[in-house]
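So you can see what is in the structure, the chains are spelled out below.
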Amino acid sequence: WWIAVRAFGSLDAARCIGVIVGVAAISMAGYIFADSSPVGHWPTEVWGFAWGMLLVRFRDRVFKTTRNRLLVTMISSIAVAFILGVAYLHLKPVPIYGDYLLKIGLGASLILIMLESDSIWSFAGRLNSFLGSISYEVYLIHSVVFRVMSSMLSGRGASGPFILGCLLISVLLAYCAHRISSF
């Protein structure tokens, strides 16, 4: 979203739609041509750019809509994320639907949960602020952590604990790197 604001000056509806269409095109091209790409690709992860832009653009509207029904919307969002997560685990090998669309929907639902949690619990704002402060370090460190952990485990173990472990190690190392760079 920051790049979109810098490039376009504001986030009015027409520009949002244009950027989202561009993200969708880049994402789908990355998905379709993944095998012939000489560089790494992240066809579903690029959607984080669009979600972030929409979050900034419509944050107040989401807060107003959910303010009186926070518990209901939070439980509904968690249920939707759970259903999408289970569906993703079972349908991951299915082209486009399983390994692309479900992953994008799951990412959006998790972001919505974080947004709603900001409205309910004060720790969520601090958690998001903390994660935002170390996001660059996480970006730099996470792929190394995933590669090292993957080579250490060599395919043993369930994917859930593996991802959670890599996430926690990445955040811990990113926090340490952030603290060291702050001196």
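Every value quoted in this text rests on a predicted model; they were computed, and no experiment measured them.

S.K.: Help me understand the overall build of the protein chain in this model?
M.R.: Along the backbone of the protein chain there are eight helices and zero strands. Reading the secondary structure of the protein chain in the N-to-C direction produces α-α-α-α-α-α-α-α. Expressed as a percentage of its 183 residues, the buried residues of the protein chain come to 25%. Across the protein chain, contacts joining residues at least 24 apart in sequence account for 67% of those joining residues at least 6 apart. Carbon and sulfur atoms make up 72% of the accessible area of the protein chain, which amounts to about 12200 Å² in all.

S.K.: I would appreciate a short explanation of the packing of helix 7 (residues 135–153) against helix 8 (residues 159–181) in the present structure.
M.R.: Packed helix pairs are specified by the crossing angle of their axes together with the interaxial distance, meaning the distance between the axes. Running from N to C, helix 7 and helix 8 cross one another at 135°; their axes reach a closest spacing of 8 Å. In this view, helix 7 runs oblique relative to helix 8, as classed from their interaxial angle. In terms of crossing hand, the pair formed by helix 7 and helix 8 is right-handed. Counted together, Glu 137, Val 138, Ile 141, His 142, Val 145, Phe 146, Met 149, Ser 150 and Leu 153 of helix 7 and Phe 162, Ile 163, Cys 166, Ile 169, Ser 170, Val 171, Leu 173, Ala 174, Ala 177, His 178 and Ser 181 of helix 8 form the full contact between these two elements. Classifying every residue of the contact of helix 7 with helix 8 gives 14 nonpolar, five polar and one charged.

S.K.: Hey, could you run me through the side chain of Glu 137 in this one?
M.R.: The topology assignment puts Glu 137 in helix 7. Buried within the structure, Glu 137 lacks any salt-bridge partner; Arg 179 is the closest side chain of opposite charge, at an N-O distance of 10 Å. Excluding anything up to four places from it in sequence, Glu 137 contacts Ala 174, Ala 177, His 178 and Ser 181.

Each value, and the rule that gives it
- Along each chain, the written sequence defines residue order, and numbers are assigned to residues from 1.
- Totals for whole chains, interfaces and linings use all residues, but because this is a predicted model, local features are given only for residues with pLDDT of at least 70 and pairs of side-chain atoms are given and counted only at 80 or more.
- Think of the side-chain values as coming from all heavy atoms in the structure, minus any hydrogens and water.
- In this description a helix means any DSSP run of H or I spanning at least four residues, a strand means any run of E spanning at least two, and both kinds are numbered starting from the N terminus.
- Throughout, exposure labels follow a simple rule: accessible area from a 1.4 Å probe, protein chains only, divided by the maximum for the residue type, with under 20% read as buried, over 50% as exposed, and the rest as partly exposed.
- A contact between two residues is defined here by any heavy atoms of the two lying within 4.5 Å.
- Using the Shrake-Rupley algorithm and a 1.4 Å probe, accessible areas are obtained, with residue cover drawn only from the displayed protein chains.
- The angle between two axes is taken between their N-to-C directions and runs from 0 to 180 degrees, where each axis is a line fitted to C-alpha atoms and a helix contributes only its stretch in contact.
- Geometric relationships in this document are graded by angle, where less than 35 degrees denotes roughly parallel, more than 145 denotes roughly antiparallel, 65 to 115 denotes roughly perpendicular, and other angles denote oblique.
- In this scheme the crossing of two helices becomes right-handed for a clockwise turn of the near helix relative to the far one and left-handed for an anticlockwise turn of less than a right angle.
- Under the convention adopted here, Pro, Cys and the residues Ala, Val, Leu, Ile, Met, Phe, Trp and Tyr are nonpolar, Asp, Glu, Lys and Arg are charged, and Gly plus all remaining residues are polar.
- Charged-residue counts in this description rest on Lys and Arg as positive and Asp and Glu as negative, His and the chain ends being excluded.
- Any carboxyl oxygen of Asp or Glu that lies within 4 Å of a side-chain nitrogen of Lys or Arg is treated as forming a salt bridge with it.

No statement about biological role is implied by the geometric values presented.
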